[in-house]
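Here is how the chains run, residue by residue.
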Amino acid sequence: MTKEGLCSFSSITSSCVPDPTFLNCLFTYTGKSYSITVNSLSGHIMKKTENKFHKRTNEELIDFIKKLELQALETAEERLPLYLIVRLKDATLILDVGCGSGFVTRDIARLTKGMVVAIDGSDTLLKVAQKILNDDVNTILCKADAEKLCFADNTFDLVTCNLLLMWADNPQKVVNEMVRVVKPYGKVLASLEPDYGGKIHWPENKKVDPLFAGEAIRKKGGDPHIGRKLRNLFVNAGLETIIGIGNNRIWSCEEDKQYYFHSRDFYIKTLKDAGLSEKEIDQWEYEFLKSLDEGIQLNFFPQFYAIGTKLKPKYP
Ligand SMILES: C[S@@+](CC[C@H](N)C(=O)[O-])C[C@H]1O[C@@H](n2cnc3c(N)ncnc32)[C@H](O)[C@@H]1O
């Protein structure tokens, strides 16, 4: 296969099928042929919606990409076992929904013999993903809306998303769409969906801790309690569902400290936005780092996952 990189559907080598709004895209990779039917109008509709998915300044974008890269690295230990359960290695056609900068998609692509189609609603993030996935010839990127996927029913063997549902405007629509495009008996995997209500932190700081217990996420448009809603979302979408917590290891103080320094800008901005003075922020940071250096601080933050199997309809 020649690497297509970021493509609008019209640029994929295609042969038209009778309905002109659908294109039948053909790929060959390691001697195998893949055919995906996509709605050619969706790419066009999506062009107007960039701001909905990406409102960051250039500086914020650089920080966000760094954060996603670190996150992909630090969560590999909880995601890899899930990829084994859903038999990623042997899946032929995989869809990764809300791929963002592509770091998690890259893990997925390197752990399968199949072909990975990755979609996101943001042009800016897709351009970053294009660079990250440049060497991974079994990936193809498309711009699409997760709530209205541009693929035909029953297309993929496996559909994944990582840290998407927390940020989706309508997570039920997203899961319903993931189910629609997965084949009967195929798997749908949502990984790394946190629940800030289950966050544990000690020693406490009564003023600061509540700010990091979901309020900052809610202000940015995310749902801090998405983790507890996963079963409901998956079962409503008709999936046979298993729910679990991916991270059962408590990080060492050294790991927490490293993570803090990578995300320091986010912490400080959140505290400033909440109206804390510089003196209060300095005091909080001093106490926070002191308890890490003393090796006494404990943090736990549950990251839920859901694995669903699409059953064949009882009455066709
Ligand atoms: C927190 S990022 C996660 C990115 C990636 N999955 C990862 O784990 O590194 C969430 C991504 O979902 C995308 N997104 C949110 N809602 C979407 C939608 N309705 N359609 C397409 N992409 C969406 C955003 O543009 C963003 O790139």
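Everything that follows concerns the structure shown earlier in this document.
Presented here is a report on the structure given in the accompanying data block. Numbers given for residues are sequential positions, taken from 1 along each chain in its written order. The model is predicted, so local features are restricted to residues of pLDDT at least 70 and side-chain atom pairs to those at 80 or more, both for listing and for counting; the totals for chains, interfaces and linings are taken over all residues.

Secondary structure elements are taken from DSSP: a helix is a run of H or I of four residues or more, a strand is a run of E of two residues or more, and numbering for both begins at the N terminus. Helices and strands together make up the secondary structure of the protein, namely 11 helices and 13 strands. To sort residues by burial, count the other C-beta atoms lying within 10 Å of each one's C-beta; a count of 20 or more means buried, 12 or fewer means exposed, and anything in between means partly exposed. C-beta atoms are built from the backbone. When burial is assessed residue by residue, the protein has 37% of its 316 residues classed as buried. We call two residues in contact whenever the C-beta atoms placed from their backbones are within 7 Å. Taking as baseline every contact in the protein between residues at least 6 positions apart, the subset at least 24 positions apart corresponds to 72%.

Take the packing of helix H10 (residues 253-273) against helix H11 (residues 278-293) next. In the contact formed by H10 and H11, the axes pass within 11 Å of each other and the chain directions differ by 170°. Our classification of the angle between H10 and H11 gives roughly antiparallel. Residue-level contacts link Cys253, Asp256, Lys257, Ile268 and Leu271 of H10 to Ile281, Trp284 and Leu292 of H11. Classifying every residue of the contact of H10 with H11 gives 6 nonpolar, no polar and 2 charged. Angles run from 0 to 180 degrees between N-to-C directions of axes, and those axes are lines fitted to C-alpha atoms, restricted for helices to the stretch in contact. Roughly parallel refers to an angle under 35 degrees, roughly antiparallel to one over 145, roughly perpendicular to one between 65 and 115, and oblique to any angle outside these ranges. Lys, Arg, Asp and Glu make up the charged group, whereas Ala, Val, Leu, Ile, Met, Phe, Trp, Tyr, Cys and Pro make up the nonpolar group; the residues left over, Gly among them, are polar.

To define a nonpolar core, we join buried Ala, Val, Leu, Ile, Met, Phe, Trp, Tyr and Cys residues through C-beta atoms within 7 Å and take the resulting set. One finds Ile94, Val97, Val117, Ala129, Val159 and Met178 to be the most contacted residues of the largest nonpolar core, which totals 65 residues. Setting aside residues no more than four positions away along its own chain, Ile94 makes contact with Leu88, Ile108, Thr112, Gly114, Val116, Phe156, Asp157, Leu158 and Thr160.

It is worth spelling out the pairing of strand E13 (residues 303-310) at this point. Of all 8 residues in E13, 6 are buried; the element is thus mostly enclosed. Pairing geometry for strand E9 (residues 182-194) and E13, over 6 bridges, is antiparallel. Each bridged residue has a counterpart across the sheet, and for Glu193 the counterpart in E13 is Phe304. The criterion for strand pairing is that DSSP finds at least two bridges linking the strands in question. Relative to E13, strand E11 (residues 239-245) is paired through 7 bridges, and the arrangement is antiparallel. The partner of Ile242 across the bridge, within E13, is Ile307.

Our focus in this paragraph is helix H9 (residues 226-236). Residues of H9 that are buried include every one of Ile226, Gly227, Leu230, Leu233 and Phe234, and no others. Buried residues in H9, looked at end-on, bunch into an arc of 90°, giving them a common side. On its buried side, H9 packs onto helix H7 (171-181), E9, E11 and E13. Just past H9, the residue Gly238 takes up positive phi, approximately 90°. Throughout, the arc means the angular range of directions from the helix axis out to the C-beta atoms.

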